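Fold and contact review
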Amino acid sequence: MLFKKYKKFISVAMASAILLTGCSGPEQKASTVNGNKEKAEPIVVRFGTGAIGENDPNYKDPITGEYRMGEEARQTKLKVLDNIRQTLNVEMEFVEFPGDTTEVLLQSVLSGDPICEVARIYTYGAGTILGQNVLQPLDEWEELLKEEAPPKVFDKNYFLRIGGDKETTFLPLMYNIDYIEAVDSLKVDGKTVYPTDLYLAGEWTWSTFKEYLGKIDSYYENSQAPDRPERRIEAFWSSHYDIVLQAVHAAGGSVYGRNGLGVESKETKEAVAYTEELIESHLVYVQNEGQTNQDIVDGRESIGKGETVFSLIEDWKSRGHSKMLAEKGQSMGYVPFPRPDHMAFDDPNYRDCRIPGESYGILKGTDPEKIPVIIQATYMYLNDETGEPKEEEEKDVFIGMDMFHPEIGSDMVDIYRKRASETVVNELADIFSMSGRFIRLVGDSIYGRNNIPSYPVAIEQNLGIFQEAMDIKEKALNSGTAQDNVSPKVTKVNEDLYSYPVGTDLSVIDFKADFTAKDNIDGDLDMSTATVEIVDVDNTKPATYPGALQIKIQDSNGNEGIFKQDIIIFDDKNTIPPTLVAKEDYRELKLGEDVNKINWNNDFIETVEDKDGISLKKQVEADLSELDTTTVGQYNVTLKVTDFANNEAAITVEVEVVKAE
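The structure presented is a predicted model; accordingly, all values stated were derived computationally and were not measured. Think of each chain on its own: its residues are numbered from 1, step by step along the sequence as written. Local features in this predicted model are restricted to residues of pLDDT 70 or higher, and side-chain atom pairs are both shown and tallied only at a pLDDT of 80 or more, whereas totals for entire chains, interfaces and linings draw on every residue. Hydrogens and water molecules were not included; the side-chain quantities draw on all heavy atoms of the structure.

Take the pattern of salt bridges next. A pairing counts as a salt bridge when a side-chain nitrogen of Lys or Arg comes within 4 Å of a carboxyl oxygen of Asp or Glu. Taken as a whole, this structure holds 37 salt bridges when the rule is applied. Taking the shortest distance from any N to any O, the salt bridge between Lys 418 and Glu 422 comes out at 2.6 Å. Here Lys 418 and its partner Glu 422 are both found in helix 14 (residues 409-422), 4 residues apart, which amounts to about one turn of the helix. Its relative accessible area of 46% is what places Glu 422 among the partly exposed residues. The helix and strand labels rest on DSSP assignments: H or I over at least four residues marks a helix, E over at least two residues marks a strand, and numbering proceeds from the N terminus. The classification of residues rests on relative accessible area computed with a 1.4 Å probe and restricted to protein chains. Under 20% of the type maximum is buried, over 50% is exposed, and intermediate values are partly exposed.

Here the focus is the packing of aromatic side chains. Each aromatic ring pair is specified by the distance between its two centres and by the angle formed by the two planes. Pairs were defined over the aromatic rings of Phe, Tyr and Trp, the Trp ring being its six-membered one, requiring ring centres within 6.5 Å. Orientation was assigned from the angle between planes: stacked under 30 degrees, edge-to-face over 60, tilted for the rest. Enumeration over the complete set of coordinates arrives at 28 aromatic pairs. Where Trp 237 meets Tyr 285, the ring centres are 5.0 Å apart and the plane angle is 80°; that geometry is what we call edge-to-face. Taken as a pair, Trp 237 in the loop between strand 10 (234-236) and helix 9 (240-250) and Tyr 285 in the loop between helix 10 (266-280) and helix 11 (294-301) lie far apart in primary sequence, 48 residues in all. Each ring, one from Tyr 500 and one from Phe 511, has its centre 6.4 Å from the other, and the planes form 85°; the classification is edge-to-face. One end of the pair, Tyr 500, is in strand 17 (residues 499-501); the other, Phe 511, is in the loop between strand 17 and strand 18 (515-519), with 11 residues separating them in the sequence. Accessibility expressed as a relative area gives 13% for Tyr 500, which makes it buried. Judged by its relative accessible area of 2%, Phe 511 falls in the buried class. Only lysine NZ and arginine CZ atoms are considered, and such an atom sits over a ring when it is within 6 Å of the ring centre and within 35 degrees of the ring normal. Here the basic side chain of Lys 77 rests over the ring of Tyr 381, its NZ or CZ set 3.9 Å away from the ring centre.

Moving on: the pairing of strand 21 (residues 543-554). Counting buried residues in strand 21 gives 9 out of 12 residues, a clear majority hidden from the surface. In this description, strands pair whenever DSSP reports at least two bridges between them. Note: strand 20 (residues 531-534) against strand 21, 4 bridges, orientation antiparallel. By the bridge assignment, Glu 533 is partnered in strand 21 with Gln 550. Judged from the 9 bridges that link them, strand 21 and strand 22 (residues 560-570) form a sheet pairing that is antiparallel. When the sheet's bridge partners are listed, Gln 550 is paired in strand 22 with Lys 564. Counted along the chain from strand 21 to the antiparallel partner strand 22, the turn is 5 residues long, and its residue Gly 558 has a positive phi close to 85°.

The predicted model of the chain averages 90 in pLDDT, with 92% of residues at 70 or higher. As a per-residue measure, pLDDT reflects the predictor's confidence and takes values from 0 up to 100. In what follows, residue pairs with any heavy atoms lying within 4.5 Å of each other are defined as contacts. Across residues 1-37 the pLDDT falls below 50, and counting only partners more than four positions away or on other chains, this stretch makes 55 contacts in the model.

The mixed open sheet is built from 4 strands, whose spatial order is 17-22-21-20. At either margin of the open sheet sits one strand with a lone partner, and together these are strand 17 and strand 20. Averaged over neighbouring strand pairs, the angle between their axes works out to 30° when direction is ignored. Orientation is described by lines fitted to C-alpha atoms, with helices fitted over the stretch in contact, and by angles between N-to-C directions that extend from 0 to 180 degrees.

To continue, consider the nonpolar core. We define the nonpolar core as a collection of buried residues of types Ala, Val, Leu, Ile, Met, Phe, Trp, Tyr and Cys that are connected through side-chain atoms lying within 4.5 Å of one another. Core analysis: the largest hydrophobic core is formed by 107 residues, its most contacted members being Trp 204, Phe 236 and Phe 310. Within the second largest apolar cluster, 29 residues are counted, among which are Leu 88, Phe 94, Trp 141 and Tyr 360.

Taken across its 11 residues, helix 9 has 11 buried, putting it largely inside the fold. What helix 9 keeps buried is the set His 240, Tyr 241, Asp 242, Ile 243, Val 244, Leu 245, Gln 246, Ala 247, Val 248, His 249 and Ala 250. Looking at the residues trailing helix 9, positive phi occurs at Gly 252, about 95°.

Here you go:
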């Protein structure tokens, strides 16, 4: 299909090249030598990227001198570039962004000299760059975009492509196969009923999943996790946001999708209610009741540690988790998130969630006459169009499931490939900066925080915050000019800790002197315009107050940069030595290992704190006078720490230097 598509593109491109040769600037004019007309000068298309080694097949590592791209992929890209050259008379040049993509693109467009024609935009960067209004709308050339079908924004095409189509779900539902096989109540006639069995039978619904979790939860109620026996094995460890996101899409909705804002839809309300039901029934473990992003991180990391049966984890991390389980003699399975009970199994609205991956757009300031061939050349490059017939290949299984499991391996592969073939980018909440708002509102409504009522009522009361996010983006896109939406960067000029005795008046301290600020447009900012805030510090109570010092400064466009720093209040009258305890099992050192890069705190120390529980990790010093990592053997290393009141503690650990495997 793609080959046929490009036959159409090529004919358009050749006509465009002829047109450009006849009427465009000097770059495109044909030259005559000895009375013979030669081919027109090639059209140069600059492809901008923040990772040039991944895009330019001719790029060599400046240190090793080796090609950065793998040889097989490199040879394919060289053929593609030659095909583009021969077919379209286009020479692609690769430009590496000299800084952060969001800053570089904005600066170049504002200067009237775009750094490239085609920009590769990293995952999660599309929203910021779209709000800068630096991307050329492509509706005039929509015919060339049809089969790629990138999602529109406010009914306009701003992207050549948004990555993620035909891939597995953003957060696939994975499970520990061995843990499931151990649960007798999940067996019928002595044979385990796997999630894939229920899915293929059309019975994998929200209520079925809840019943399934209930049996698992009962079995592992008094269990011990393998690495942390103080923890039990959970039936399902996740976060309210991850569950809601999957449930919304399984029901056919979205936070913000191809049909616009969906936070008040029936599907979203049903998904929130189901998530709340799972949490209230204690069938899913949600750490910290969703008060911070940590519960999201911990939930996604739990399955590889053997601490849960089910988990929603990043697709790209799944292979790492699968490897961790394999080291425990276990394997990992996959199943789509279940659908609502009222939805038919074959309902096309029963779908996976896919957020935007890397995206590609054309910068404003690009010659409009070049855009047709730019579009065609870019698609040919991204789709590896070598000009040679392509053999049909089965899609690789990207996620780390046990494809060779004797009972369900082939079923999982078939399900995976079918779901992946049907998956398109359908969740654009990040582009509109809505994800954080949605996470907070759902969490507040589920846990009853901040006097927020149930979600159906809460969303009616707070719909304006989502509409405001849309309005900000739409206003920027309709402004007619590029918009600076990049916050200044505030930098601390020293590594000093902010530690003060009990009773210190923090308001009289000149914190600004320790900071500088720089803006991508304005340059260096005057720190006298910055504000200093001390947040939630009790200077009568010894403790570490995370992020309590906040230095804020605005650029000329009202973008605010912020730097948060911990403040430590300590008891200067304390005479009790700090607690310094080594880990029971600390690691070996490799022969030749650089001692200056060893993290003694994390690798060798279990506890290091003063009598009030204030962490002293940054104060640990290692005496390396007896250590020689150039020779295999055992050595003593003394670890010493001094607390803020100058009390000392020290321990000696015996470390072993071994040959690297």
